[in-house]
Amino acid sequence: MTLAGTSHEQDAAAAARTATVHALQQSLLAKSPIYGLILSDIQLTKVIPGTVTLQLKLSATHLNSKGSLHGAVSATLVDFVTGLAICSHDLRERTGASVDMHLSFLSTAKAGDTVLIHSTAERVGGSLAFVSVRINKLDEDGDEVPVTLARHSKYVRGTKET
């Protein structure tokens, strides 16, 4: 096998992985009214095995009464992106049920801000998956400023075809 062939195969595998994660994203948005309402503009920007990055420009729909990113929206983002990270790990189409979710709110974001959501499946086992999430806003210089850190555990037994 040549290096060019290896690179082509890697590119094809990466494209297939991204397509699978994107298909799950579209399915979740279509099947869940809450995801469809809150996350209709979310964009998948990067997929590597076990990790996804998405981008969302915040609007009034995403804000609390004080004008900053609502905690419930942050939790919805965490719930949504952790399934995509699990899918990116091993291409399963079903990604389980929430067992535990913990969010730490570090700063705020407001309407017009763009947030990047990085989600990594730290461990996917036979019964449980453990996923970390960072929600960061982009500042004027393009630097990422932490807004929310989260951990999400999901029950995944029976979600992967053998």
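None of the values given here were measured: they were computed from a predicted structure.

### With respect to the overall build of the protein chain
Secondary structure summary: the protein chain contains three helices and six strands in total. Seen in sequence order, the protein chain has helices and strands lined up from the N terminus as α-α-β-β-α-β-β-β-β. Judged by the C-alpha coordinates and their principal axes, the protein chain covers about 55 × 35 × 25 Å. Every one of the 162 residues in the protein chain was classed for burial, and the buried ones make up 40%. The contacts in the protein chain between residues at least 6 apart in sequence include a share of 66% that link residues at least 24 apart. Taken as a whole, the protein chain presents about 8,700 Å² of accessible surface, with 54% of it coming from carbon and sulfur. Of note, the protein chain has its 15 positive side-chain charges centred 8 Å away from the centre of its 15 negative side-chain charges.

### Concerning the pairing of strand β2 (residues 51-57)
The element β2 is extensively covered by neighbouring structure, given that five of its seven residues are classed as buried. Sheet topology places strand β1 (residues 43-48) next to β2; five bridges connect them, and they run antiparallel. By the bridge assignment for β2, V47 is matched with V52. Here β1 folds back onto β2, and the loop between the two strands holds two residues, one of which, G50, carries a positive phi near 90°. Relative to strand β4 (residues 114-124), β2 runs antiparallel, the two sharing seven bridges. Counterpart to T53 in the pairing with β4 is H118.

### Structural notes on the sheet that holds β1
The antiparallel open sheet is built from six strands, whose spatial order is β1-β2-β4-β5-β6-β3. Only two strands of the sheet have a single neighbouring strand rather than two, namely β1 and β3 (97-105). Across the sheet, the axes of successive neighbouring strands diverge by a mean angle of 20°, strand direction being ignored. The sheet strands contacting helix α3 (residues 71-90) are β1, β2, β3, β4, β5 (128-138) and β6 (144-155), and the helix crosses β4 at an angle near 50°.

### Quick word on the UniProt feature "domain: Thioesterase" (unreviewed entry) in the protein chain
In this structure's numbering, the residues bearing the UniProt feature "domain: Thioesterase" (unreviewed entry) are residues 67-139. The span residues 67-139 carries 27% helix and 42% strand; its end-to-end C-alpha distance comes to 17 Å.

### Notes on the packing of aromatic side chains
Counted according to the given criterion, the structure contains one aromatic pair. Relative to F80, the ring of Y35 has its centre 4.9 Å away and its plane inclined at 70°; by these criteria the two rings are edge-to-face. You can see Y35 sitting in helix α2 (residues 33-38) and its partner F80 sitting in helix α3, a full 45 residues away along the chain. Its relative accessible area of 10% is what places Y35 among the buried residues. Looking at F80, the relative accessible area reads 1%, which means it is buried.

Rules and cut-offs
- Residues numbered from 1 in each chain as written.
- Predicted model: local features only at pLDDT ≥ 70, side-chain atom pairs only at ≥ 80, totals over all residues.
- Heavy atoms only, no water.
- Helix = DSSP H or I, 4+ residues; strand = E, 2+ residues; numbered from the N terminus.
- Buried < 20%, exposed > 50% of the residue type's maximum accessible area, 1.4 Å probe, protein only.
- Contact = heavy atoms within 4.5 Å.
- Areas by Shrake-Rupley, 256 points an atom, 1.4 Å probe, with all protein chains shown as cover.
- Lys, Arg positive; Asp, Glu negative; His and termini not counted.
- Charge placed at Lys NZ, Arg CZ, Asp CG, Glu CD.
- Pairing = 2+ DSSP bridges.
- Axes fitted to C-alpha atoms, helices over the stretch in contact; angles between N-to-C directions.
- UniProt positions renumbered as here; feature names shortened; annotations may be inferred.
- Phe/Tyr/Trp six-rings, centres within 6.5 Å; stacked < 30°, edge-to-face > 60°.

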